[in-house]
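Spelled out from the first residue to the last, the chains are:
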Amino acid sequence: MKKAKGRNAAGTGSIRKKTVVRNGKTYSYWEGRYTDGFDPGTGKQCQKSVTGKTQKEVALKLRKITAEIDNGTYQAPNKITVGEWFDVWATDYLNNVKPLTVEKYTCVIKNHIKPKLAAVRLEAVTTTVLQHFYNELGRAHGDKPALSAKTIKDIHGVIHKALQQAVEIGYIRTNPSSSCKLPKVVKPDIKPMDSELITVFLQEIKGHRFEVLYIVALFMGIRRGEICGLKWDCVDFERGTVCIRRQLQKIP
């Protein structure tokens, strides 16, 4: 059997200086090319490249990549951006999530994540990038107030879930959001109405069409959606109990 000639082993690479002309100006940079295995269909080499300002910089990048190829930890770069990946995640990976939660995640992506991170390549997202992003959300910018610690935590939750899915399918190696430090959420003190204020409240709502609902909310402490989801089968008049089985949600 003859051995194929001219085929470099996976992981080997070469470096060369390149020059380009843009807008009448000449720019130089270094490019390193390496073999990322072979195409199983054609048998041809899969060539990838890295670039840098100096030969040393490119050489270091090549050594790192070839070492990863040799020990089996190499992960091929991809060009998908944060915006593109979060669109895919929201569309294809939230099928088992409640509709209201999907709506909440979608709003977070649209209003907070995409405006700042959409164009960043997914593999370029680091813990430092995300930490700066969270820190900026917690600062006021002109007329735009700072976000609360609870809101930032919710945004982080969406980012962490989406990036973890990217890890599981091999788009990135680790989840950079895992090491971020979030602002501490301070729960506000609850100030329940005293007996005097309760008496005044009951007098004020007397005869109101939602009087019964207000009384239920006052003495049971259940949420508005849960109150609106109550039906007669939830009420046991003999035992004097109300069972919360469902809640009313507005899904656009």
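The coordinates are above.
Residues numbered from 1 in each chain as written. Predicted model: local features only at pLDDT ≥ 70, side-chain atom pairs only at ≥ 80, totals over all residues. Heavy atoms only, no water.

(A) Quick peek at the packing of aromatic side chains. Enumeration according to the criterion identifies 8 aromatic pairs in this entry. Between F86 and W89, the ring centres sit 6.2 Å apart and the planes meet at 70°, which makes this aromatic pair edge-to-face. Here F86 pairs with W89, and both are found in helix α2 (residues 82-92), just 3 residues apart, close to one helical turn. Relative to Y105, the ring of W89 has its centre 5.8 Å away and its plane inclined at 25°; by these criteria the two rings are stacked. Within this pair, whereas W89 is found in helix α2, its partner Y105 is found in helix α3 (residues 99-117), the two being separated by 16 residues in sequence. Exposure class is identical for W89 and Y105. Each is buried. (Phe/Tyr/Trp six-rings, centres within 6.5 Å; stacked < 30°, edge-to-face > 60°. Helix = DSSP H or I, 4+ residues; strand = E, 2+ residues; numbered from the N terminus. Buried < 20%, exposed > 50% of the residue type's maximum accessible area, 1.4 Å probe, protein only.)

(B) Broad picture of the nonpolar core. Grouped together as the largest cluster of nonpolar side chains are 26 residues, with contacts concentrated most on F86, W89, I113 and I159. Put simply, the parts of the chain that give this core at least two residues each are α2, α3, α4 (127-137) and α5 (149-168). Counting residues per element, this core draws most heavily on α5, which supplies 7 residues. For W89, the contacting residues outside a window of four places in its chain are L94, Y105, I109, V158, K161, A162 and Q165. Counting residues in each nonpolar core, the second largest holds 7 residues, with W30, V50, L62 and I69 among its members. (Core = buried A, V, L, I, M, F, W, Y, C linked by side-chain atoms within 4.5 Å. Contact = heavy atoms within 4.5 Å.)

(C) Focus on the environment of C107. With respect to the helices and strands, the residue C107 is situated in helix α3. Residues C107 and I155 lie 48 residues apart in sequence; the distance between their C-alpha atoms is 9.9 Å.

(D) Seen up close, the pattern of salt bridges. For the structure on display, the rule yields 9 salt bridges. Where E31 meets K18, a salt bridge forms, and the shortest distance between an N and an O atom there is 3.8 Å. Within this pair, whereas E31 is found in strand β2 (residues 25-38), its partner K18 is found in strand β1 (residues 13-22), the two being separated by 13 residues in sequence. Of the charged contacts in the structure, one is a salt bridge between D154 and K150, with a shortest N-O distance of 2.9 Å. You can see D154 and its partner K150 sitting in helix α5, 4 residues apart, about one turn around the helix. For D154, a relative accessible area of 25% puts it in the partly exposed group. Connected through salt bridges with shared partners, the residues R16, K18 and E31 form a single ionic network. (Salt bridge = Lys/Arg side-chain N within 4 Å of Asp/Glu carboxyl O.)

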